[in-house]
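Each chain, letter by letter, is given below.
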Amino acid sequence: MMGPSHALSGAAVWLTGSWALDQFADYHQTPLALAVGTAVCAGGALFPDLDLSGKVTRNQGGATVARTFGVFSLFVAEVMEKISLGVYYATKLSKDPRRNNGHRTLTHTVPFTVLVGWGTTALCAHYGKWAVVGILFFMIGLALRGLFDEWAERAGWVVVTLVSAAAAWFTFANLPGDRGYPMIGLAVGVGCFVHILGDMITRAGVPILWPIPIKRRMWTMIGLPNSIALRTGSKAETVVLRGALTVLAVLAALGLVAPSVLQRFDIQV
């Protein structure tokens, strides 16, 4: 799947889940908390693709999300790709093929998703709002790059960085202190897992069962059969899938916002 589809899926899943919690578990969120969770989950849904590096010094190539912060994020992608490739070769079995890059390996696994979600929660719990502002800066930047891909491409990475920094600082200034913010870690983890599910409906698949060995292969790619798999960049993705995700996100957002608006204006339904 392409970056915008991943980011939109993260936002739609978080809004839908928040609506379900609001309706069935009586778990209410402030508008700011809802916006933060949605942005972080959208960014988290792009995070696994930071294992696709490009030409760092030229600010070219790699996944679109890897160019979010210019050469800085490309360098992070280069490091992540090399770590992923190293883990692949350290754990591969006799039937696993040779690879020259680490894309769709370590960062596309359930253990990585759990580790990132737990690590984010631990950082927020230990360092509080100062960790939150750094995480928000990074995840909001990824979300902007995914949800507003054409604008981000035209504006350039400097503008995206400045907007991300401003949004992160505004959130930091308005969030209450002395809290661990576990929902931010959950949003990152959910976003990463949604990314994995999105790539599973493509032909290439993902190693979602790693590290379970299957027929002398540790990195078995699991995906849909070619006959029904989603083709990246096809009309099925850019029109049908994104259209459905947009409708889902809008309906969930309306379901969350409408009651408070009606109550504010004392409108009985």
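Source: prediction; values computed, not measured.

A. Seen up close, the overall build of the protein. Helices and strands together make up the secondary structure of the protein, namely nine helices and two strands. Reading the helices (α) and strands (β) of the protein from amino to carboxyl end gives α-α-β-β-α-α-α-α-α-α-α. Its C-alpha atoms give the protein a radius of gyration of 19 Å, near enough to 18 Å, the size a compact globule of 269 residues would have. Across its three principal axes, the protein shows a C-alpha extent of roughly 65 × 40 × 35 Å. When burial is assessed residue by residue, the protein has 43% of its 269 residues classed as buried. Long-range contacts, defined here as pairs at least 24 residues apart, represent 69% of the contacts in the protein between residues at least 6 apart. By element, 68% of the accessible surface of the protein is carried by carbon and sulfur atoms, the whole surface being about 13,900 Å². Positive and negative charge centroids in the protein, built from 21 and 14 side chains respectively, lie 12 Å apart.

B. Region of the structure containing the pattern of salt bridges. In total, this model carries six salt bridges according to the counting rule given. One salt bridge in this structure joins Arg-217 and Asp-96, with 3.6 Å as the shortest N-O distance. Of the two residues, Arg-217 is situated in the loop between α8 (182–200) and α9 (235–264) and Asp-96 in the loop between α3 (71–91) and α4 (110–127); the sequence distance between them amounts to 121 residues. Note that Arg-104 and Asp-199 form a salt bridge whose closest N and O atoms lie 3.3 Å from each other.

C. Structural context of the UniProt feature "transmembrane region" (unreviewed entry) in the protein. The sites that UniProt annotates as "transmembrane region" (unreviewed entry) are residues 30–48, 69–90, 127–148, 155–172, 184–210 and 239–262. Its end C-alpha atoms 28 Å apart, residues 30–48 is made of 74% helix and 0% strand. Secondary structure content for residues 184–210 is 63% helix and 0% strand, while the C-alpha to C-alpha distance between its ends is 25 Å.

D. Inspection of unusual backbone geometry at higher detail. Cis rather than trans, the peptide bond between Trp-210 and Pro-211 has omega equal to 10°. Relative to the assigned elements, Pro-211 resides in the loop between α8 and α9. Although it is not a glycine, Lys-215 adopts a positive phi angle of roughly 50°. Judged by its relative accessible area of 76%, Lys-215 is exposed.

E. Examining the nonpolar core more closely. Judged by nonpolar contacts, the single largest core of 41 residues is most densely connected at Val-40, Phe-47, Leu-50, Val-132, Leu-136, Met-139 and Ile-184. Secondary-structure elements contributing two or more residues to this core are α1 (3–24), α2 (31–44), α3, α4, α5 (129–147), α7 (157–174) and α8. Sorting elements by how many residues they give to this core places α5 first, with nine residues. For Phe-47, the residues in contact, after removing those within four places along its chain, are Met-80, Phe-112, Val-116, Phe-138, Met-139, Leu-142 and Cys-192. Core analysis: the second largest hydrophobic core is formed by eight residues, Ala-12, Leu-15, Leu-34 and Ala-252 among them.

Conventions used here
Residues numbered from 1 in each chain as written. Predicted model: local features only at pLDDT ≥ 70, side-chain atom pairs only at ≥ 80, totals over all residues. Heavy atoms only, no water. Helix = DSSP H or I, 4+ residues; strand = E, 2+ residues; numbered from the N terminus. Rg over C-alpha atoms; globule rule 2.2 N^0.38 Å. Buried < 20%, exposed > 50% of the residue type's maximum accessible area, 1.4 Å probe, protein only. Contact = heavy atoms within 4.5 Å. Areas by Shrake-Rupley, 256 points an atom, 1.4 Å probe, with all protein chains shown as cover. Lys, Arg positive; Asp, Glu negative; His and termini not counted. Charge placed at Lys NZ, Arg CZ, Asp CG, Glu CD. Salt bridge = Lys/Arg side-chain N within 4 Å of Asp/Glu carboxyl O. UniProt positions renumbered as here; feature names shortened; annotations may be inferred. Core = buried A, V, L, I, M, F, W, Y, C linked by side-chain atoms within 4.5 Å.

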